[in-house]
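These are the residues of each chain, in order.
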Number of protein chains: 2
Amino acid sequence: MTYCVGVLLKDGIVMASDSRTHAGVDNFAQFCKMSVFEREDRAIVLLSSGNLAGTQAVITTLKQRGESTDGGPNVWTARTMFDFVTVVSDSVRDIGRRDRPSLEKNDLKFDASFIVGGQIKGEAPRLFRTYAEGNFVEAGSGTQFFQTGEAKYGKPIIDRVITPTTSLADAVKCVLVSFDSTMRSNLSVAMPIDLVQYENDQFKLNRRHRFEVGDPHFETLSRSWSEGVRSVFKQLPDVRWNK
Amino acid sequence: MTYCVGVLLKDGIVMASDSRTHAGVDNFAQFCKMSVFEREDRAIVLLSSGNLAGTQAVITTLKQRGESTDGGPNVWTARTMFDFVTVVSDSVRDIGRRDRPSLEKNDLKFDASFIVGGQIKGEAPRLFRTYAEGNFVEAGSGTQFFQTGEAKYGKPIIDRVITPTTSLADAVKCVLVSFDSTMRSNLSVAMPIDLVQYENDQFKLNRRHRFEVGDPHFETLSRSWSEGVRSVFKQLPDVRWNK
């Protein structure tokens, strides 16, 4: 499985992905699910979920199209984030058309979805989530974050903490706590965690870090959170019963 | 959907269920998913998950068998909790045999599973979880709780807090916080929450409460928890980046 999160804030974007892929518990591996495209007028990050074969093919296609000179919009030439996500969508559909018939013969589903965030000069930062069918949605003022994969364990903390005005530093901590909760409750999500922070109008990721197993910052955060939660718990008022 | 939890502790058992059933968002209703059987030598609680038609049929069958005098073991005569859960399992299979063919004609699955906890004189309290196929598992020293339905949102807090020696009062709070997190993140789980607390060797539920929407104890707990979590969050150390 996978766990990916993207959060759109007033000040910028925070995105993170885990690194575990598996086809059965006896066949798991580590792959980076984050792809970054940076150049002076744009900073774009994709987080991949789904079958690794499908998502790798989409990312590679995006890179190859970025190098081609046939004139169609690509990751380096798209005028808006919407135009770029449309390119992603087209790639997902191309790979889907190619792979789906062979997969379905073996009762497998084609599955490749992405969280796409970033900024292209001329507009504000934007955050999207694409589906395996190639259609996609954009985060707005009502919903500022997208999750893919094993999303449920880590959703309550995001629901409780994130608002549009949450600082980037707090959003980073919230996303890491969300990963910590998910990894404690589900074996199919695992470190390293790739995390990026993008500040409005920089056109360059101002923070990027891979949290490896045993990362001291992550361990401190995880321990502080656990201890804090247990201590809040200890201070909760006892339930007074009617019976 | 549904959310049910049963926790087995050194001092007893805590069990809780929500009350929402739905067949599509335009067709939801409120049903109690908790059934209690109490008599001088036993206290047994069942929490239902799955299709309401299936779980109601199983519970009604258990009640009717309890009134019959044909001599087979039933909820009032079973010598051990294992024997009673075997009766539950037989009922699940009977109803499944009856309903499955008609359901499958319309691409519906028969789904009726139960968390069964309690104590029969002569043995310690025990906690089981049955599946739609009628097989079942028992909680032990490694795993002290079972969840059914929308289990993921509320699992991290149980994973963090519950140990075999957690007090019944703390387990009650933990289960309520787990429901609160689930209901905030998922519309298909909703109040009222039915909650019971059973203390070893009482053969009678010593606490039983229905938390209705707006219940002041639940609201206080929910608010204290939210505020506590946010304040722990505020005190977390900032992540120090290498880049």
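Our structure's up above, just so we're on the same page.
Along each chain, residues carry numbers from 1 onward, in the same order as the chain's sequence is written. In the order they appear in the text, chains get letters beginning with A and ligands get numbers beginning with 1. It should be noted that, the model being predicted, local features are given only for residues of pLDDT at least 70 and side-chain atom pairs only at 80 or more, the latter also being counted only at that level, while totals for whole chains, interfaces and linings use all residues. Calculated side-chain values reflect all of the structure's heavy atoms, with hydrogen atoms and water omitted.

Engineer: Even after reading the chapter, I still don't get the interface of chain B and chain A, so can you show me in this structure?
Structural biologist: In many analyses, interface size is given as the accessible surface area lost on bringing the parts together. By the convention used here, residues are in contact when the closest approach between their heavy atoms is within 4.5 Å. Taken residue by residue, the interface counts 48 residues in chain B and 48 residues in chain A. Buried surface at the junction of chain B and chain A, both sides included, amounts to about 4800 Å², of which 63% is carbon and sulfur. By salt bridge we mean one thing: a side-chain nitrogen of Lys or Arg within 4 Å of a carboxyl oxygen of Asp or Glu. Where chain B meets chain A, there are 8 salt bridges. Counting of polar contacts relies on pairs of N or O atoms within 3.5 Å, with two restrictions inside protein: one atom must be capable of donating a hydrogen and the other of accepting it, and residues adjacent in sequence are counted only when both atoms are side-chain atoms. Here chain B is connected to chain A by 20 residue pairs in polar contact (both at pLDDT 80 or more). Looking at the side of chain B that touches chain A, the elements with two or more residues in it are helix 3 (155–161), helix 4 (168–185), strand 11 (193–199), strand 12 (207–211) and helix 5 (216–235) of chain B. Numbering of helices and strands starts at the N terminus; helices are DSSP runs of H or I of at least 4 residues and strands are runs of E of at least 2. Ranked by residues supplied to the side of chain B that touches chain A, first place goes to helix 5 of chain B with 12 residues. Residue polarity follows a fixed list, in which Ala, Val, Leu, Ile, Met, Phe, Trp, Tyr, Cys and Pro are nonpolar, Asp, Glu, Lys and Arg are charged, and the others, Gly among them, are polar. The residue makeup of the side of chain B that touches chain A, split by class, is 21 nonpolar, 11 polar and 16 charged. Two parts placed together each lose some accessible area under a 1.4 Å probe, and adding up what both lose gives the buried area.

Engineer: Is there a simple way to think about the pairing of strand 7 (residues 112–120) of chain B in this case?
Structural biologist: Here is the key point about a regular strand: its side chains alternate between the two faces of the sheet. Residues and elements named next belong to chain B. Categorising residues by exposure relies on relative accessible area from a 1.4 Å probe, with only protein chains included: less than 20% of the type maximum marks a residue as buried, more than 50% marks it as exposed, and the intermediate range marks it as partly exposed. Judged by how many residues are buried, strand 7 sits mostly within the fold: 9 of 9 residues are covered. Residues Ala112, Phe114, Val116, Gly118 and Ile120 point to one face of strand 7 and Ser113, Ile115, Gly117 and Gln119 to the other, with burial holding for every one of them. The pairing criterion for strands is at least two bridges between them, as found by DSSP. Two strands pair when backbone bridges link them, and strand 6 (residues 42–50) and strand 7 are joined in this way by 9 bridges, in the antiparallel orientation. Paired with Leu47 across the strands is Ile115, a residue of strand 7. Where strand 7 meets strand 8 (residues 126–130), 5 bridges bridge the pair, whose relative direction is antiparallel. Each bridged residue has a counterpart across the sheet, and for Phe114 the counterpart in strand 8 is Thr130. Hairpin connection, strand 7 to strand 8: the antiparallel pair is bridged by 5 residues, and Gly122 has positive phi, about 110°.

Engineer: Hey, could you run me through the sheet that holds strand 12 of chain B in this one?
Structural biologist: Whenever strands of a sheet pair, they do so through backbone hydrogen bonds, lying parallel or antiparallel. All names here are of chain B. The 5 strands are arranged 10-1-2-11-12 in an open sheet whose pairing can be described as antiparallel. If you trace the sheet from one side to the other, it starts and ends with strand 10 (145–149) and strand 12, each paired once. Taken over all neighbouring pairs, the strand axes of this sheet differ in orientation by 5° on average, direction set aside. Relative to strand 10, strand 1 (residues 3–8) runs antiparallel, the two sharing 5 bridges. Residue pairing across strands places Cys4 opposite Thr148, the latter belonging to strand 10. Here an angle of 0 to 180 degrees is reported between the N-to-C directions of two axes, which are lines fitted to C-alpha atoms, with helices fitted over the stretch in contact.

Engineer: Any chance you could explain the relation of the copies chain B and chain A here in plain terms?
Structural biologist: Superposing copies: least-squares fit, C-alpha atoms only, residues required to have pLDDT of at least 70 in both. Overlay of chain B on chain A (RMSD 0.0 Å): rotation 180°, translation along the axis 0.0 Å. Such a combination of turn and shift is consistent with a two-fold rotation axis. Within chain B, the C-alpha atom positioned nearest to the axis of rotation is that of Tyr153(B), 2.3 Å from it. Here 100% of the contact residues of chain B are again contact residues in chain A; the copies associate through an equivalent surface.

Engineer: Looking at this structure, I do not really get helix 4 (residues 168–185) of chain A. What am I missing?
Structural biologist: Each α-helix winds once per 3.6 residues, and so residues spaced three or four apart point in a common direction. The span you would expect from a helix comes to 1.5 Å times its residue count less one. Across its 18 residues, helix 4 of chain A extends 26 Å between first and last C-alpha, which sits within 8% of the 26 Å expected from 1.5 Å per residue. Counting buried positions over the 18 residues of helix 4 of chain A gives 16, a clear majority of the element.

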